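# Architecture and fold: a report
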Amino acid sequence: MSQEHTAPAFDWSAVKDFVDKELAPNANQNDRDECLPADVLERMTDLRLWGAVLPAAEGGAGIGTVAFGTLHEEISRGDTSVRNLLTVHSMVAASVSRWGDATQREQWLPDLASGAVKGAFCLTEPQAGSDTSGITAEARQHNGSWVLNGHKKWITGAQTADLFLVFALHNGRQTAFLLPRNTPGVSVVPITGLLGARASMLGEVTMRDAVAGPDALLGPAQFGAAMVMNGALDVGRFSVASGSVGIAQGCLDACADYTAKRTVRGRPIRELQLIRAMLADMVTETRAARQLCEHAGRLKDAGDQRSIMATWIAKYFATKAATRIASNAVQIHGANGCA
């Protein structure tokens, strides 16, 4: 990266304070409320978190993939719902950066970088999740514009997003479109009552003859799925992997604190052999997951195609490790783990 395009480094101390003082203490309440307060989103803008995935030349932080992962780990340590919003926003921003034409980049990148416009990734449908070949949303051209019809579900950040990256069929081919939320015919219904990360503000996005402009198409129509989708999902996988490390670290921190204070017969429970064994496993898995993420990030920064497989591996290991560590954290906390 040339010197003139190098952005000032993140104020990591400010980010840590944000996590420790604003996210972590309020994560449970936000989860119960199933939303994030507006001031949290504004604080994320102040800290320049929204543009972390973008290079400095496009108004982003220009920090590289490894640091991007570190950032998403740190945010997830406090509240993974917040990281979820950053994940889908980053997927949209990276897609516009990579595949947008000059007009799209000029129109959207400055506001995506600053957070003035928030993005959401619209792929999943009620009957089509991981099987992307099953999507039924359709797009057709009419009088020089694009008309979209379809129903997307489980869309992270849909309740607050201003710009949707929508995948729909055009002449039988999966194609990517940039669809502003305020487009006539677009409606969003919140999804509530989920099991976890409920402050991610998921929603259902319905398009009924939603007319987007002629510049809505992102990337060549013939490979919208193969390139735009896979590139966005690669960003998302890396963020989720890194965020899972943050969840694991948050659980580990809580257990270290609790086992030092909780006593049995006058001794801290951290001195119990079983507890020590559980903590040892948690430390090992957390560090291993972090190393896998950093390895994938270094490959990505080097332009090495092996980064794709490395990211898959990191996400697979880190998500499973976070699940095991969270379960053990509940066990270590006993009845308090259920509170």
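Throughout what follows, the structure given in this document is the object of discussion. Because the structure is a prediction, the values reported are computed rather than measured. (Residues numbered from 1 in each chain as written. Predicted model: local features only at pLDDT ≥ 70, side-chain atom pairs only at ≥ 80, totals over all residues. Heavy atoms only, no water.)

### So, the overall build of the chain
Here is the rule: Helix and strand definitions follow DSSP, with helices as H or I runs of at least four residues and strands as E runs of at least two, each counted in order from the N terminus. We take the radius of gyration over the C-alpha atoms and set the globule estimate at 2.2 Å times the residue count to the 0.38 power. Burial status follows relative accessibility: with a 1.4 Å probe on protein chains alone, a residue under 20% of its type maximum counts as buried, one over 50% as exposed, and anything between as partly exposed. Residues count as neighbours in contact if any of their non-hydrogen atoms are within 4.5 Å of one another. In short, Shrake-Rupley with a 1.4 Å probe defines the accessible areas, and a residue's cover is counted only from the protein chains shown. The sign given to each residue is positive for Lys and Arg and negative for Asp and Glu; His and the chain ends receive no count. Throughout, a charge is located at the NZ atom of Lys, the CZ atom of Arg, the CG atom of Asp or the CD atom of Glu.
Helix and strand counts for the chain come out as nine helices and nine strands. The C-alpha radius of gyration of the chain comes to 21 Å, within 12% of the 20 Å expected for a compact globule of 339 residues. Judged by the C-alpha coordinates and their principal axes, the chain covers about 80 × 45 × 35 Å. Among the 339 residues that make up the chain, the fraction classed as buried is 48%. In the chain, 74% of the contacts between residues at least 6 apart in sequence involve partners at least 24 apart. When the accessible area of the chain is evaluated, it comes to approximately 15,800 Å², of which 51% is carbon and sulfur surface. For the chain, the distance from the average site of its 32 positive side-chain charges to the average site of its 34 negative ones is 8 Å.

### Points about unusual backbone geometry
When glycine is set aside, most residues are seen to have a negative phi, and most peptide bonds are trans. One non-glycine residue, Ala197, adopts positive backbone phi at about 50 degrees. Inspection of the secondary structure puts Ala197 in the loop between β6 (186-190) and β7 (203-212). Despite not being glycine, Met201 has its phi angle at roughly 55 degrees, a positive value. By the secondary structure assignment, Met201 is in the loop between β6 and β7.

### Examining the side chain of His333
Looking at the element boundaries, His333 is found in helix α9 (residues 307-333). On the basis of relative accessibility, which here comes to 16%, the residue His333 falls in the buried class. What His333 contacts, discounting residues up to four positions off in sequence, is Ala254, Cys255 and Tyr258.

### Observations concerning empty space enclosed by the protein
For clarity, the cut-off: Method remark: on a 1 Å grid restricted to protein atoms, a set of points is classed as a cavity if a 1.4 Å probe fits but cannot get out and as a pocket if it is open with protein on both sides within 12 Å along at least five of seven lines; lining residues have an atom within 4 Å of a point. Grid points are joined across faces, edges and corners, and a volume is the space filled by probe spheres set on the points. Throughout this entry, Asp, Glu, Lys and Arg are counted as charged residues, while Ala, Val, Leu, Ile, Met, Phe, Trp, Tyr, Cys and Pro are counted as nonpolar. The remaining residues, Gly among them, count as polar.
As enumerated under the stated definition, the model contains one cavity of 30 Å³ or more in all. For the largest cavity, the full set of lining residues is Trp50, Leu85, Val88, His89, Lys118, Gly119, Gly157 and Thr160. Ranked by the residues each element gives to the lining of the largest cavity, the list is headed by helix α5 (residues 80-99), at three residues. Per-class residue counts for the lining of the largest cavity are three nonpolar, four polar and one charged.

### A word on the pairing of strand β5 (residues 173-180)
Put simply, the rule reads: Two strands form a pair only when DSSP identifies at least two bridges running between them.
Extensive coverage of β5 is indicated by the burial of six of its eight residues. Pairing analysis gives eight bridges linking strand β4 (residues 163-170) to β5, with the strands arranged antiparallel. Each residue of the ladder has a partner; that of Phe164, found in β5, is Leu179. Hairpin connection from β4 to β5: two residues lie between these consecutive antiparallel strands, with Asn171 at a positive phi of about 55 degrees.

### Let's talk about the packing of helix α1 (residues 12-23) against helix α3 (residues 38-46)
Applicable threshold: Here an axis means a line fitted to C-alpha atoms, over the contact stretch when the element is a helix, while the angle between two N-to-C directions is reported on a 0 to 180 degree scale. Should an angle fall under 35 degrees it is called roughly parallel, over 145 degrees roughly antiparallel, and 65 to 115 degrees roughly perpendicular, with every other angle called oblique.
It is at 12 Å that the axes of α1 and α3 come closest, and there the two elements cross at 175 degrees. Between α1 and α3, the angle falls in the class roughly antiparallel. Here α1 contributes Phe18, Glu22 and Leu23 to the contact with α3, which in turn contributes Val40, Arg43 and Met44.

### Here we look at a nonpolar patch on the surface
Using the following cut-off: Grouping into patches uses exposed residues only, defined as over 30% relative accessible area, and leaves out salt-bridged ones; the cut-off is 9 Å for like charges and 5 Å for nonpolar side chains (Val, Leu, Ile, Met, Phe, Trp, Tyr). A carboxyl oxygen of Asp or Glu within 4 Å of a side-chain nitrogen of Lys or Arg is what we treat as a salt bridge.
Taken together, the side chains of Ile308, Met309, Trp312 and Ile313 present a nonpolar region at the surface, about 370 Å² in accessible area. On the secondary structure map, Met309 appears in helix α9. Residue classification places Met309 among the partly exposed residues on the basis of a relative accessible area of 46%.

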